[in-house]
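# Summary of the model geometry
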Amino acid sequence: MSQAVLTDEYHRQQDLLVGSLLSICGNLLISISLNLQKYSHSKNEKKDIKDQKHYTRDPFWWLGLLLMVLGELGNFSAYGFAPASLVAPLGTVTVIANMFLAAIFLKEKIRPEDLFGCGLAILGAFLVVAFSSKKDRVFDSSEIIDALTRVPFITYLCMEIAVLILLFLLMYKFKVENVLVYLLICCLFASFTVISAKASSSLLQLTLAGHNQMKSPVIYVAFVIMILTALIQLKYLNQAMKSFASTVVVPTHFVFFTISAIVAGIIFYREFWGLSGIDIFMFLFGCLMCFIGVHFITAGRHGDDIPDIGVATQKILADSSPTWLLTSVNKAPVQPVNTLSGTGRHPILADDSDDEILQPPAPQSKRGSRVSADGDKIIIHRYGANDSTSSDE
């Protein structure tokens, strides 16, 4: 084997290692950030109402936000060094790290199922790294344009658009509220996010290496698509988190996102090309182990005992996202809730039947009193009342 081939192989292995480390460190920072922000909210909510302050005045919240930005930058940079099909499954690091960090900072319990799921996820992540594609290429602007015009990608794009139209019809026209509808929308937009993120990261990497790609509009279009599709994902993921249990949303979203990223990498970047059958099988088996591990970590939890990213995300999204991202479909009650009685009904409805309307009370005369004497008794007559009061003199 020639020296040039050995050098090229060494650089590819080096890029793969750098991409994996960037992804792992990025997901670890995201997990720390979620726990810091959750800690900030929990600490504030334990205070008396008069002592509570806005979350933006808490330094822990800002530290968490800073770490989240750094973590996402790490994930973004990882796409420039490693295949998208490798970076996405390593998102399981967030769930694993969150389990231990929640136990340390938030005093949440670690169950035997958590440790078993953690072991499966770690083993799965190892298989994903070991059997992933080692021949990832950095695309320049012309190669990205060429990939956009290939028949497989155009077919894939048309199928995604058709499925998205169907899902939007189910949600907005037929008012279907199902966790799979929300997360499938997230999944389909995630494929565009992954493709554009890897394109942007690759073009930036080439530019920093001395091959200027800033003259081409591709990098700007890719960056805009990445931001827009990420915001759309955030909107529908937040709706799912508000409407369904986080123990269902978190693992399902992780599975859907990972599958979407792998499929996008295979079709657009041809990441499985050149892999043997055993490599593909072991890679997919590693992904499956990650999925099962995440399921064990998140399943069977209730209330405050959930150490997954969903609990923190519900509060953080509500506090740090624009208002339009937090809107849900047909969720607001038409009539106000009877908060005084605590029944959750409209105030005009009777307790026995929702169809019975309480009639307003009959008008009463103006109240007053008159005192009279009857032998040794003093009688007090009250106007507007049904009875009289008497007392001995």
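Residues numbered from 1 in each chain as written. Predicted model: local features only at pLDDT ≥ 70, side-chain atom pairs only at ≥ 80, totals over all residues. Heavy atoms only, no water.

### Regarding the overall build of the chain
- The helix and strand tally for the chain stands at twelve helices and three strands.
- Split into buried and exposed, the 393 residues of the chain put 41% on the buried side.
- Partitioning the intrachain contacts of the chain with sequence separation of at least 6 by distance along the chain shows that 73% fall at a separation of at least 24. (Helix = DSSP H or I, 4+ residues; strand = E, 2+ residues; numbered from the N terminus. Buried < 20%, exposed > 50% of the residue type's maximum accessible area, 1.4 Å probe, protein only. Contact = heavy atoms within 4.5 Å.)

### A short note on unusual backbone geometry
- Here Lys-175, not a glycine, exhibits a phi torsion of approximately 55°, which is positive.
- With respect to the helices and strands, the residue Lys-175 is situated in the loop between helix 7 (151-173) and helix 8 (179-208).
- With relative accessibility at 46%, the residue Lys-175 sits in the partly exposed group.
- Even without glycine at this site, Arg-270 takes up a positive phi of about 55°.

### Looking at helix 2 (residues 59-78)
- The terminal C-alpha atoms of helix 2, which comprises 20 residues, lie 29 Å apart, in line with the 28 Å expected from a rise of 1.5 Å per residue.
- In this structure Asp-58 caps helix 2, since a side-chain oxygen of it lies 3.0 Å from the backbone nitrogen of Phe-60. (Expected span 1.5 Å × (residues − 1). Polar contact = N/O pair within 3.5 Å; in protein donor to acceptor, adjacent residues only side chain to side chain.)

### Re the packing of helix 7 against helix 10 (residues 246-269)
- Between helix 7 and helix 10, whose axes approach to 9 Å, the crossing angle comes to 145°. Contacts between helix 7 and helix 10 pair Pro-152, Phe-153 and Tyr-156 from the former with Ser-260, Val-263, Ala-264, Ile-267 and Phe-268 from the latter.
- Tallied by class, the residues present in the contact of helix 7 with helix 10 amount to seven nonpolar, one polar and no charged. (Axes fitted to C-alpha atoms, helices over the stretch in contact; angles between N-to-C directions. Nonpolar A, V, L, I, M, F, W, Y, C, P; charged D, E, K, R; others polar.)

### What about the nonpolar core?
- In terms of nonpolar packing, the biggest core is built from 31 residues, with Tyr-79, Leu-86, Phe-283 and Cys-287 touching the most fellow members.
- For this core, the secondary structure elements donating two or more residues are helix 2, helix 3 (84-87), helix 4 (92-105), helix 5 (112-131), helix 8, helix 10 and helix 11 (277-298).
- When residues of this core are assigned to their parent elements, the largest contribution, six residues, is made by helix 11.
- With sequence-adjacent residues up to four places away left out, Cys-287 is seen in contact with Pro-89, Val-128 and Ile-262.
- By size, the runner-up hydrophobic cluster in this structure holds 19 residues, among which are Leu-164, Ile-185, Phe-189 and Tyr-236. (Core = buried A, V, L, I, M, F, W, Y, C linked by side-chain atoms within 4.5 Å.)

### Considering the side chain of Ser-132
- Mapped onto the fold, Ser-132 is located in the loop between helix 5 and helix 6 (141-148).
- From its side chain, Ser-132 meets the backbone oxygen of Val-129 in a polar contact 3.2 Å long.
- In contact with Ser-132, other than residues within four places in its own chain, are Leu-16, Leu-86, Leu-275 and Phe-283.

### So, the packing of aromatic side chains
- One pass over the structure, following the stated rule, counts 13 aromatic pairs.
- Seen in terms of ring centroids, Phe-116 and Phe-296 are 5.0 Å apart; in terms of plane orientation they differ by 85°. Their pairing is edge-to-face. Taken together, the positions of Phe-116 in helix 5 and Phe-296 in helix 11 put the pair 180 residues apart, joining distant regions of the chain.
- Ring geometry for Phe-281 and Phe-285: centres 6.3 Å apart, planes at 10°, overall stacked. Here the residue Phe-281 and the residue Phe-285 both occupy positions in helix 11, the gap between them amounting to four residues, near one helical turn.
- Three or more aromatic residues joined by ring pairs form one cluster here, namely Phe-139, Phe-153, Tyr-156, Phe-268 and Tyr-269.
- Cation over ring: Lys-198 sits above Tyr-269, and NZ or CZ is 5.5 Å from the ring centre.
- The aromatic ring of Tyr-236 is capped on one face by Lys-235, whose charged end is 5.8 Å from the ring centroid. (Phe/Tyr/Trp six-rings, centres within 6.5 Å; stacked < 30°, edge-to-face > 60°. Lys NZ or Arg CZ within 6 Å of the ring centre and 35° of its normal.)

### Focus on a nonpolar patch on the surface
- A cluster of nonpolar residues, Leu-63, Leu-66, Val-69, Leu-70 and Leu-73, forms a patch on the protein surface that exposes about 420 Å² of accessible area.
- Tracing the sequence through the fold places Leu-70 in helix 2. (Patch = residues over 30% accessible without salt bridge, like charges linked within 9 Å, V, L, I, M, F, W, Y side chains within 5 Å. Areas by Shrake-Rupley, 256 points an atom, 1.4 Å probe, with all protein chains shown as cover. Salt bridge = Lys/Arg side-chain N within 4 Å of Asp/Glu carboxyl O.)

### Describing the confidence of the model for the chain
- Residues with a pLDDT of 70 or more make up 75% of the chain, whose mean pLDDT is 79.
- Helix 7 holds the highest mean pLDDT among the elements of the chain, 96, whereas helix 12 (residues 309-320) holds the lowest, 46.
- Contacts from residues 316-358, a stretch scored under 50 in pLDDT, to residues over four places away or in other chains number 57 contacts.
- Within the model, pLDDT remains below 50 along residues 388-393, and this stretch shows 16 contacts once partners closer than five positions in the same chain are excluded. (pLDDT = per-residue confidence, 0-100.)

### Brief notes about the pattern of salt bridges
- One pass over the full model with this rule turns up four salt bridges.
- Across the pair Arg-111 and Asp-114 runs a salt bridge, and its minimum N-O distance is 3.0 Å.
- Residue Arg-111 is classed as buried on the basis of its relative accessible area of 13%.
- With a relative accessible area of 0%, Asp-114 lands in the buried category.
- The residue Asp-146 makes a salt bridge to Arg-150 at a minimum N-O spacing of 3.6 Å.

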